[in-house]
Amino acid sequence: QVQLVESGGGLVQAGGSLRLSCAASGRTVSTYTMGWFRQAPGKERDFVAGISRDAFSTQYADSVKGRFTISRDNAKNTVYLQMNSLKPEDTAVYYCAADLYHLGVVLTKTAYDYWGQGTQVTVSS
């Protein structure tokens, strides 16, 4: 069992930056492939970024490539999402998720076993 807690969301102007954190407890996060997803009102929960257990492999949604960076600090049991050049369309609730089974990053949300409660990111124009 693992518990995930996101933080770092907030209100930011377009072009600004935020860094989201996902702190894990219960089991070391190094045993999981980790992902970030987001869900805007009335829309599906979509993949944003993922990082493999060893951090050698990362994947990004096309909409965030070049702007967002996922990283992990296994010593701190924490995963991060650095978000730069934010756009109003990035507004959503952002969720951290852990995949126990797969070694590499899987983009589908059904592959993930544990989820955080989410943190709101709002980008004003």
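The structure we're discussing is the one just above.
Residues numbered from 1 in each chain as written. Predicted model: local features only at pLDDT ≥ 70, side-chain atom pairs only at ≥ 80, totals over all residues. Heavy atoms only, no water.

Undergrad: It is not clear to me how the environment of Ala49 should be interpreted in this structure. Could you clarify?
TA: Within the fold, Ala49 resides in strand S5 (residues 45-51). Placed 13 residues apart in sequence, Ala49 and Asp62 show a C-alpha to C-alpha distance of 9.7 Å. If we ignore the near neighbours within four places in the chain, the residues touching Ala49 are Met34, Gly35, Trp36, Gln59, Tyr60, Ile70 and Leu81. (Helix = DSSP H or I, 4+ residues; strand = E, 2+ residues; numbered from the N terminus. Contact = heavy atoms within 4.5 Å.)

Undergrad: Sorry if this is basic, but what is going on with the state of the cysteines here?
TA: Simply put, disulfide is the name for a covalent bond between the sulfur atoms of two cysteines. Taken as a whole and assessed by the stated rule, the structure comprises one disulfide. Disulfide pairing is shown between Cys22 and Cys96; the S-S distance is 2.0 Å. Judged by the sign of its S-S torsion, about -70°, the cystine formed by Cys22 and Cys96 is left-handed. Of the two residues, Cys22 sits in strand S3 (residues 18-25) while Cys96 sits in strand S9 (residues 92-99), which places them 74 residues apart along the sequence. Given the relative accessible area of 1%, Cys22 is considered buried. (Disulfide = S-S within 2.5 Å. Buried < 20%, exposed > 50% of the residue type's maximum accessible area, 1.4 Å probe, protein only.)

Undergrad: Hey, could you run me through the sheet that holds strand S1 (residues 3-7) in this one?
TA: Strand-to-strand pairing in sheets goes through backbone hydrogen bonds, with the strands running parallel or antiparallel. Within the open sheet, the four strands sit side by side as S1-S3-S8-S7. Their pairing is antiparallel. With one partner strand each, in any of the chains shown, S1 and strand S7 (68-73) form the two edges of the open sheet. Direction aside, neighbouring strands of the sheet carry axes that sit 15° apart on average. As judged from the six bridges shared by S3 and strand S8 (residues 78-83), these two strands associate in the antiparallel manner. Counterpart to Ser21 in the pairing with S8 is Tyr80. (Pairing = 2+ DSSP bridges. Axes fitted to C-alpha atoms, helices over the stretch in contact; angles between N-to-C directions.)

Function-wise, these values are silent; they only describe arrangement.
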